[in-house]
Structure formats: C-alpha cells, structure tokens
Amino acid sequence: NVLTYVDDGRQKQEGHVAAFVRLPFGDTIDKRFVILGLSEPLDSVTRETTKLGWDTFQIILAFSGLAFILSMLVSRIVTGPLNAIVSAINRFSKEHVISTLPLARKDELGLLSRSFHDMQTQIMAHLSELNENRKALDHLARHDTLTGLPNRRMFFDRLEHAIASSRRSGKSLAVLFVDLDRFKEINDTFGHAVGDKVLVNVAILLKSSVREVDTVARLGGDEFVVLIDMIDDPKHVTIIVQKLHNLFQHAIQIDGREMHVYASIGVGMFPGDGK
C-alpha cells in the first residue's frame, strides 16, 4: 500500500499492485544496482482481470457449444447405423422381415451389417424350407399319396362339418360309396403298377363328375367316397350317380391298353337315411 495526497490535504489509502526488479548498475566490482518498480491501481488490475475472465468464459462457452454440436453430428454418424442395425434385429426377431442395412459401409459397422444380413438370409431360407416341409407333412397326413385325394381322416372331418352345416341350413347331403368291381383281378393279371394307374384314372373320373365344392376321397384299396353337400333337390344326386355309371361303361387307356373298369355305387342321404 502507498500513500497518496488529495487536494483537501487528507490522506486516502488505495490498493495497488506493484512489481519490482533488481538490475545491476555500473561496474560489477562495485556491486551497485538499481531497483525498478511498476505500480498499478488494484481497481484497474481487477477490472482487466474480470474482463479477461469474462472473455475466457465466452471462449469456453463457444468451444463447449461447438463441441456439443460436433458430438451430436458424430453421434448421429456413428449411432445412426447402430440404431438401424438394432431396429432391424428387433423387427426380424418379431416379424421375420429383412430390413435395409448399411451394407455399403467399409468400416466395422458395414462388416457387422453384412454379417447380420447373411445370417438373416440363411435363417429365412431355413424357415422357408421348414414351412415347405411342414406343409408337405400336413398334406401327406390328410391326403392319399397315390391319387392326391383326401384320405379317410380328412374325409370324415369334412363329413362332420357338412352334417353340422346341414342341420343349420336344413338342406340335405349325400355320401356316395364307390367300390371298383374285380379290381383284385386287375392287380393279379397286369400287376400292381397297372392297378395304381387304374386308381389314379378313377380318381380323375370321379373329380370330373362332381362340383369343386364336393369332396372326393379314397378310403383305401379300391374304395372311394364322394361327399355332395348342400343339396337343393335329391334328384341332383340321382343325376350324378347315373353320370358316373355311364362313365364307368367306357374303357380307359392304361399304357396304350384299353381296360374296362366297373364300379358299384351306393348312396346314403342325410338326414333321410339316418342321423
């Protein structure tokens, strides 16, 4: 602190900041020196310090904002593909849908995307194969392997539904039982391969004689059944039976050989012939 005098003669004490330095003076042997000092009022120093601090704060704030913006951009660049991969994984696990991935990238994210895409493709191929196998097994469980017609199990399922529908609607239904005559002789004479071809041709003949909504099934051996549903007029059944009878009077071609195959046909009506 230094003393300064004001005009009214009173002493006033003010804060100063001073700095001193010792400098050699004259001949070094005499070891003389001079001390230089610099004094600055404390208010001036604190004012400049405050200004410097505020400027520093503004610079820090500006760089912080810039760093935040850069971090957001970097985050979007880096995490965007990661979010897309995570979203694709979630959608694939829930819906089995292959989503678009950043496959063209040359970095680790691109490698991860390509690996996951390959995995998705392989899984979808396996799922498709499993679905095809399941459908094939379900078809085999409900259809005759030789003729492709519904088997006994599927026929009785449809018959049960048809009876329930007939009870609700009040309309009749009919079941035609078709048994081939002397089919054993065909097998014994020409072999089972020819017998199988006869069964296939009979299946085609029966399906061509009824409506698409009707069911033609093979119960086994040379026994076939035809389910005719929603009959408005019982005479319609008689017409179908007569049509089948006429068709069985014509020879069928088996391996270039004409063969006569005959059948016995029985008819049961619901509900007239039993519940």
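Residues numbered from 1 in each chain as written. Predicted model: local features only at pLDDT ≥ 70, side-chain atom pairs only at ≥ 80, totals over all residues. Heavy atoms only, no water.

Participant: I'm lost on the sheet that holds strand β10 (residues 263-270) in this one. Help?
Facilitator: Adjacent strands of a sheet pair through backbone hydrogen bonds, lying either parallel or antiparallel. Strand order across the open sheet formed by 4 strands is β6-β7-β5-β10, with antiparallel pairing between neighbours. Edge positions in the sheet fall to β6 (215-220) and β10, since each has one partner strand and no second. Across the sheet, the mean angle separating the axes of adjacent strands is 20 degrees when strand polarity is ignored. In this sheet, strand β7 (residues 223-231) lies alongside strand β5 (residues 172-180) in antiparallel orientation, the contact comprising 7 bridges. Within the sheet, the bridge partner assigned to Ala174 lies in β7 and is Ile228. Helix-sheet contacts for helix α5 (residues 192-208) involve β5, β6 and β7, and the interaxial angle to β7 is about 10 degrees. (Pairing = 2+ DSSP bridges. Helix = DSSP H or I, 4+ residues; strand = E, 2+ residues; numbered from the N terminus. Axes fitted to C-alpha atoms, helices over the stretch in contact; angles between N-to-C directions. Contact = heavy atoms within 4.5 Å.)

Participant: Any chance you could explain the environment of Leu109 here in plain terms?
Facilitator: Within the secondary structure, Leu109 sits in helix α2 (residues 108-142). Exposure remark for Leu109: the relative accessible area of 13% places this residue in the buried category. Residues Leu109 and Leu82 lie 27 residues apart in sequence; the distance between their C-alpha atoms is 7.4 Å. (Buried < 20%, exposed > 50% of the residue type's maximum accessible area, 1.4 Å probe, protein only.)

Participant: I'm lost on the packing of aromatic side chains in this one. Help?
Facilitator: Taken as a whole and assessed by the stated rule, the structure comprises 3 aromatic pairs. With a centroid separation of 5.4 Å and an interplanar angle of 70 degrees, the aromatic rings of Phe155 and Phe156 are classed as edge-to-face. On the basis of relative accessible area, Phe155 is assigned to the buried category, the value being 2%. (Phe/Tyr/Trp six-rings, centres within 6.5 Å; stacked < 30°, edge-to-face > 60°.)

Participant: I tried to follow the pattern of salt bridges on my own but got confused; where do I start?
Facilitator: Any two side chains of opposite charge can pair, so long as their charged atoms come close to each other. Across all of its chains, the model carries 7 salt bridges by this definition. With a shortest N-O distance of 3.1 Å, Asp144 and Arg218 are connected by a salt bridge. Here Arg218 lies in strand β6 and Asp144 lies in the loop between α2 and α3 (152-169), a separation of 74 residues in the sequence. You'll find Asp144 and Arg218 in the same group, each marked buried. Close ionic contact of Lys171 with Asp232 constitutes a salt bridge, the shortest N to O distance being 3.0 Å. (Salt bridge = Lys/Arg side-chain N within 4 Å of Asp/Glu carboxyl O.)

Participant: Would you explain the confidence of the model for the chain in this entry?
Facilitator: In low-pLDDT regions, the fine details of the predicted coordinates are not to be read closely. Within the chain, residue pLDDT values average 84, and 94% of them lie at 70 or more. Counting contacts from residues 1-11, a segment whose pLDDT is below 50, to residues more than four positions away or on other chains yields 11 contacts. (pLDDT = per-residue confidence, 0-100.)

Participant: Can you help me understand a nonpolar patch on the surface in this one?
Facilitator: A contiguous nonpolar surface patch, about 830 Å² in accessible area, is contributed by Ile59, Phe63, Leu66, Phe68, Ile69, Leu70, Met72 and Leu73. Mapped onto the elements of the fold, Ile69 is located in helix α1 (residues 42-95). (Patch = residues over 30% accessible without salt bridge, like charges linked within 9 Å, V, L, I, M, F, W, Y side chains within 5 Å. Areas by Shrake-Rupley, 256 points an atom, 1.4 Å probe, with all protein chains shown as cover.)

Participant: What exactly am I supposed to notice about the packing of helix α4 (residues 183-190) against α5 here?
Facilitator: When two helices pack together, their arrangement is given by the angle between the helix axes and the distance between those axes. Two numbers describe how α4 lies on α5: the axes approach to 7 Å, and their chain directions differ by 140 degrees. As far as their axial angle goes, α5 and α4 are oblique. Each of Phe183, Ile186, Asn187 and Phe190 in α4 lies in contact with α5, whose residues at this interface are His192, Val194, Gly195, Val198 and Leu199. (Parallel < 35°, antiparallel > 145°, perpendicular 65-115°, else oblique.)

Participant: Would you mind showing me how to read the nonpolar core here?
Facilitator: Side chains that are nonpolar tend, in soluble globular proteins, to be buried together. Judged by nonpolar contacts, the single largest core of 31 residues is most densely connected at Leu176, Leu180, Val198, Val202, Leu206, Phe224 and Phe248. Looking at this core, the elements with two or more residues in it are β5, α4, α5, β7, α6 (235-247), β8 (252-254) and β10. Broken down by element, the residue count for this core peaks at 7 residues, all from α5. Excluding residues within four positions of it along the chain, Phe224 makes contact with Leu149, Leu176, Phe177, Val178, Leu180, Leu199, Val202, Ala203, Leu206, Ala217 and Arg218. Counting residues in hydrophobic clusters, the runner-up holds 10 residues, among them Leu159, Ala217, Val225 and Leu227. (Core = buried A, V, L, I, M, F, W, Y, C linked by side-chain atoms within 4.5 Å.)

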